[in-house]
Amino acid sequence: MDKDFWHARWQTEQIGFHQNEINPYLVRYWPSLQLEPQSRVFVPLCGKTLDMIWLLDQGHTVIGNEISQLAVEAFFRENRLTPAIRQQAAYTCWSCDRMEILCGDFFDLVPTDIGRIDALYDRAALIALTPAQRTRYAARITEMLEPQTPGLLVTLDYEQQTMQGPPFAVSAEEVSNLYQDAFSVEQLVHTEIIESQPQFR
């Protein structure tokens, strides 16, 4: 998906990928990472997810990245946060206390843009990307994070020909192929979601 696709989605409010509640997998499995409360967590392609508020509530510093300024504006407005805004290289940086979102193209990021990262949270980034983009994305994540940096990744898997993404199908095997050279990949849970999320029928 190109930049215009995502800008159009936010402009027309076609944001079915946004969840109005905290992701249950985050709440259930994040403690297994055994992070210090003050850890710095990177959330790529973050949209306006409430998961970042939950991570803040755990005492973390949260660094998000989002291409849509509308999404970033909505995140701060809806959570009653007043951001300081500054230009940083190719990004507009929106920050408030321990929260920072770099508004711009993920693929322009370099390690110095986000600084030291202690953990990764990816709920909807990998599955938002085409196969070619996923390869580039994983390579960039590997470049930006130290080897074996802990993280939590949520994907979807289905017969790709039955639906046009996003979200795209990303299998456990593909996750391993993308990340196994730099990270230990462990599948924590595999859940059938058709009954609870019938929009995917």
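See the structure shown above.
First, a word on what this report is: a plain description of the structure on this page. Please read all numbers here as calculations on a predicted model, not as lab measurements.

## Section: helix α6 (residues 131-144)
The α-helix winds at 3.6 residues per turn, so residues separated by three or four positions along the chain end up facing the same way.
Phase 1 of the analysis: The first and last C-alpha atoms of α6 sit 20 Å apart over 14 residues, in line with the 20 Å expected at 1.5 Å per residue.
Phase 2 of the analysis: Among the residues of α6, Gln133, Arg134, Tyr137, Ala138, Arg140, Ile141 and Met144 are the ones counted as buried. Down the axis of α6, the sector holding all buried residues measures 165°, keeping them to one side. Those residues of α6 that are exposed and aimed more than 90 degrees away from the buried face are Pro131 and Ala132.
Phase 3 of the analysis: Lining the buried residues of α6 we find β1 (40-43), α5 (111-114), β6 (119-122) and α7 (172-179).

## A closer look at the state of the cysteines
Phase 1 of the analysis: If you walk through the whole model with that rule in mind, you get 0 disulfides.
Phase 2 of the analysis: Take Cys103: it sits in no disulfide, and the sulfur closest to it among the cysteines is that of Cys46, at 8.9 Å.

## Here we look at the pairing of β1
Phase 1 of the analysis: Burial along β1 is two-sided: the face carrying Arg40 and Phe42 and the face carrying Val41 and Val43 are both buried.
Phase 2 of the analysis: The sheet contact formed by β1 and strand β2 (residues 61-66) spans 4 bridges and is parallel. Bridge assignment links Val41 to a residue of β2, and that residue is Val62.
Phase 3 of the analysis: Read as a crossover between parallel neighbours, the route from β1 over helix α3 (residues 51-57) to β2 is right-handed.
Phase 4 of the analysis: Where β1 and β6 come together, 2 bridges link them in parallel fashion. Paired with Phe42 across the two strands is Leu120, which belongs to β6.

Calculation rules
- Residues numbered from 1 in each chain as written.
- Predicted model: local features only at pLDDT ≥ 70, side-chain atom pairs only at ≥ 80, totals over all residues.
- Heavy atoms only, no water.
- Helix = DSSP H or I, 4+ residues; strand = E, 2+ residues; numbered from the N terminus.
- Expected span 1.5 Å × (residues − 1).
- Buried < 20%, exposed > 50% of the residue type's maximum accessible area, 1.4 Å probe, protein only.
- Arc of directions from axis to C-beta.
- Contact = heavy atoms within 4.5 Å.
- Disulfide = S-S within 2.5 Å.
- Pairing = 2+ DSSP bridges.
- Right-handed = clockwise from strand over helix to strand, strands pointing away.

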